[in-house]
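# Coordinate analysis (summary)
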Amino acid sequence: MLASSVLTLPWVPSPSDGVPSPTLDTQLETEEIISKVLTAHMSSFSPPTLDKAQHLNFLTRIIRDPLSVHYTGLDASRPWLMYWAIHSLALFGADLDLPAKRRVVDTLAKCQNPDGGFGGGPGQLSHLAPSYAAVLALSYVGEDGFKMINRRGMYNFFLKLKQPDGSFIMHIGGEVDVRGCYCALTVATLLNILTPALALKTSSFIASCQTYEGGLASSSHPFASSSPHAALAPPLGEAHGGYAFCAAATYSMLRAFDSPTSPANNTSSSSKSGKEKELDLGALTRWATSMQAMPIEGGGFRGRTNKLVDGCYSWWGGGLFGVLGGLLDEEAGADVGELYDRSALQEYILLVAQSPTGGLRDKPGKPADAYHTCYNLSGLSSSQHRPTQSPALVDKLRKEFKSPFAARLVVEGEPEIEVVSDEGESAAQVERRMREVWARSIGWEDGEKLIVGNAEDNEMVSTHPIFNLTRGAARVAMEYFYQQSQ
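Residues numbered from 1 in each chain as written. Predicted model: local features only at pLDDT ≥ 70, side-chain atom pairs only at ≥ 80, totals over all residues. Heavy atoms only, no water.

## Overview of the overall build of the chain
Scanning the chain from N- to C-terminus turns up 22 helices and four strands. Scaling as 2.2 N^0.38, a compact globule of 486 residues should have a C-alpha radius of gyration of about 23 Å, and the chain matches this with 22 Å. Its C-alpha atoms put the chain at 65 × 55 × 45 Å along the principal axes. Out of the 486 residues in the chain, the part that is buried amounts to 58%. (Helix = DSSP H or I, 4+ residues; strand = E, 2+ residues; numbered from the N terminus. Rg over C-alpha atoms; globule rule 2.2 N^0.38 Å. Buried < 20%, exposed > 50% of the residue type's maximum accessible area, 1.4 Å probe, protein only.)

## Describing the packing of helix H19 (residues 391-400) against helix H20 (residues 427-442)
Orientation of H19 relative to H20, taken along the N-to-C sense of each, is 145°, at an axis distance of 8 Å. By crossing handedness, the relation of H19 to H20 is classed as right-handed. Listed contacts from H20 to Leu393, Val394, Leu397 and Arg398 of H19 are Arg435, Glu436, Trp438, Ala439, Arg440 and Ile442. (Axes fitted to C-alpha atoms, helices over the stretch in contact; angles between N-to-C directions. Left-handed = near helix turned anticlockwise from the far one by under 90°. Contact = heavy atoms within 4.5 Å.)

## Regarding the packing of aromatic side chains
Throughout the structure, instances matching the rule amount to 19 aromatic pairs. Aromatic pair phenylalanine 245 and tryptophan 316: ring centres 5.5 Å apart, planes at 65°, arrangement edge-to-face. Of this pair, phenylalanine 245 sits in helix H11 (residues 241-253) while tryptophan 316 is found in helix H15 (residues 313-316), placing the two residues 71 residues apart along the sequence. By the burial criterion, phenylalanine 245 is buried, and tryptophan 316 matches it. Ring geometry for tyrosine 371 and tyrosine 375: centres 5.0 Å apart, planes at 65°, overall edge-to-face. Residue tyrosine 371 and its partner tyrosine 375 are both found in helix H18 (residues 370-385); the two are separated by four residues, about one turn of the helix. Under the relative-accessibility criterion, tyrosine 375 is labelled buried at 2%. Connected via pairs of aromatic rings, a cluster forms that spans Trp80, Tyr83, Trp84, Tyr132, Tyr182, Phe245, Trp315, Trp316, Tyr371 and Tyr375. (Phe/Tyr/Trp six-rings, centres within 6.5 Å; stacked < 30°, edge-to-face > 60°.)

## Here we look at the nonpolar core
Among the nonpolar cores identified, the biggest contains 139 residues, and Tyr83, Phe118, Leu128, Met154, Phe158, Phe245 and Tyr375 are the most heavily contacted of them. Other than its neighbours up to four places away in sequence, phenylalanine 245 contacts Tyr182, Trp315, Trp316, Gly319, Leu320, Val323, Pro465 and Ile466. (Core = buried A, V, L, I, M, F, W, Y, C linked by side-chain atoms within 4.5 Å.)

## Side note on unusual backbone geometry
For arginine 386, which is not a glycine, the phi torsion comes out positive at approximately 45°. Along the polypeptide, arginine 386 turns up in the loop between H18 and strand S3 (387-389). You can call arginine 386 buried: its relative accessible area is 16%.

## Some points on the environment of asparagine 454
Mapped onto the elements of the fold, asparagine 454 is located in the loop between strand S4 (444-446) and helix H21 (455-458). Judged by its relative accessible area of 39%, asparagine 454 is partly exposed. Sequence-wise, asparagine 454 and glycine 153 are 301 residues apart; in three dimensions their C-alpha atoms are separated by 47 Å. Here the side chain of asparagine 454 touches glutamate 456 through a polar contact of 2.8 Å, landing on its backbone nitrogen. (Polar contact = N/O pair within 3.5 Å; in protein donor to acceptor, adjacent residues only side chain to side chain.)

## A look at the environment of valine 37
Considering the arrangement of structural elements, one finds valine 37 in helix H1 (residues 22-44). Take valine 37: its relative accessible area is 24%, and that puts it in the partly exposed class. When the C-alpha atoms of valine 37 and serine 378 are compared, they prove to be 22 Å apart, with 341 residues separating the residues in sequence. Once residues lying within four places of it in the same chain are set aside, the contact partners of valine 37 are Leu351 and Pro364.

## Quick notes on the pattern of salt bridges
The tally for this structure, following the rule as stated, stands at 25 salt bridges. Of the charged contacts in the structure, one is a salt bridge between arginine 440 and glutamate 330, with a shortest N-O distance of 3.1 Å. In this pair, arginine 440 sits in helix H20 while glutamate 330 sits in helix H16 (residues 320-332), placing the two residues 110 residues apart along the sequence. A residue is classified by how much of its surface remains accessible, and arginine 440, at 10% relative accessible area, is buried. In this structure glutamate 330 comes out as partly exposed when scored by relative accessible area, which is 26%. Aspartate 395 is the partner of arginine 398 in a salt bridge, and the nearest nitrogen-oxygen pair spans 3.8 Å. Within this pair, arginine 398 and its partner aspartate 395 are both found in helix H19, separated by three residues, close to a single helical turn. Accessibility expressed as a relative area gives 30% for aspartate 395, which makes it partly exposed. Each of Arg255, Glu330, Asp395, Arg398, Lys399, Glu436 and Arg440 takes part in one network of salt bridges that share partners. (Salt bridge = Lys/Arg side-chain N within 4 Å of Asp/Glu carboxyl O.)

## A look at the packing of helix H4 (residues 98-109) against helix H5 (residues 128-139)
At a minimum axis separation of 10 Å, H4 and H5 run at an interaxial angle of 160°. Here H4 is positioned roughly antiparallel relative to H5, judged by the angle of their axes. The crossing of H4 and H5 is left-handed. When H4 is examined against H5, the residues Val104, Val105 and Leu108 are found in contact with a partner set consisting of Ala134, Ala137 and Leu138. (Parallel < 35°, antiparallel > 145°, perpendicular 65-115°, else oblique.)

## Focus: the confidence of the model for the chain
Here the chain shows a mean pLDDT of 92. Residues at 70 or above account for 92%. Taken together, the stretch residues 267-274 has pLDDT below 50 and engages in 15 contacts with residues farther than four places along the chain or on a different chain. (pLDDT = per-residue confidence, 0-100.)

## Remarks on the state of the cysteines
Using the criterion set out here, one finds zero disulfides in the structure. Of all cysteine sulfurs in the structure, the one in cysteine 246 sits closest to cysteine 183, which takes part in no disulfide; the separation is 6.3 Å. For cysteine 183, a relative accessible area of 6% translates into the label buried. Here cysteine 209 is not cross-linked by a disulfide; its sulfur's nearest cysteine counterpart is in cysteine 181, at 7.2 Å. (Disulfide = S-S within 2.5 Å.)

## Some details on helix H8 (residues 178-191)
An α-helix turns once per 3.6 residues; consequently, residues spaced three or four apart project the same way. Relative to the 20 Å expected for 14 residues at 1.5 Å per residue, H8 spans 20 Å between its end C-alpha atoms, a close match to the ideal helical length. The element H8 is extensively covered by neighbouring structure, given that 13 of its 14 residues are classed as buried. (Expected span 1.5 Å × (residues − 1).)

## Looking at helix H14 (residues 281-290)
All buried positions along H14 are accounted for by Leu281, Ala283, Leu284, Thr285, Trp287 and Ala288. Looking at the buried side of H14, the elements it contacts are H11 and H16. Measuring from the side-chain oxygen of the N-cap residue of H14 to the backbone nitrogen of glycine 282 gives 3.2 Å; that N-cap residue is aspartate 280.

Right under this line is the structure:
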């Protein structure tokens, strides 16, 4: 067993100031439950093992069988259910068969509205969250899935949601949420519709959501962009793992426009971005590392200060370090190294988060579900492979990029992909921007591999640190929409 294992480090309960409270009681109860699970494992003398067969059966039932009445509350999350299950299967290296892929396309076609966005179900309003989930689910289908997406409609839908301060509302008439920035710009990046207009001021909005702790909140006070106080807009709410991941990943995607080293930073977006604030990466790193739980809690992550550990933050908290590593490496000009305890996180997922009947869960005592299965497994993949953005690979991809405006041999049956651009954007600017977004998105490699337990049993497929698609699926989708197929 590794020397840094949660099984061998001291199990120290949370300190108490002698004042009883329900919050402290629940924390201590959680520590007791998890420590009992860890103790039972130690007495078995067996290595931590991922029960792939049980989890594959759990996921297959979600895809294949009619859902029970307990899923009624997720009626507006149908694209999410598909994404959670399909992505989890892909992390195991499993692919959908052709009839299943057709069902995915047929189902999501009923969720796509005339305005280009996707609703949570047939007849439901277009919303950024199910639009993200639908596009990612379709990325596992391939060309038949790509063809059904209304890219121009989606782009126009995003423009309607874009706000003067750089944020996005979740739907027409809806609320501002930093997760909306992530959903919109992830889809825009994959579909090759990330233009300067969509990028405008979003980096500054992201930075305005950073709290005194260093993490990020859901939004900031919506001062008018013309206000002299716009740069001082304070964050709304407390720092949260889900918001922090979405904010940092969005900030990373926008480096194609904002980074001083980006060849695209002279586009109209950069010169008119109104970028007034920078994300404090040091403060974010300090906060993010403090979210990893103690050995007595299994080494997983919590989403907020003084909250309970939860398996879904294996991705929102643990996966954040892939994004942070890329940003910090670019800032430092070198690999900054390990930022969290990867082996401890894997032990939480393998020893604490697995349900004996299949699927993964928040913590012992909670039922397994598709959401927690997806994000536990995504966190497991990230912690095993340590994704790193490679400057050499990014530069190679820039050089090999095929211009969308160059004369090329027309192959019968090959799709024609419309080039989406802003008004006044020259062909040279469009090509430079597309090249940079493509190269930075694809230019990730696995770092030093670390797998707790038997690699044959426990190793997952590598997931993309920004999009949370397998890196292979992300590349296939972007090759299609950027017309970079070999």
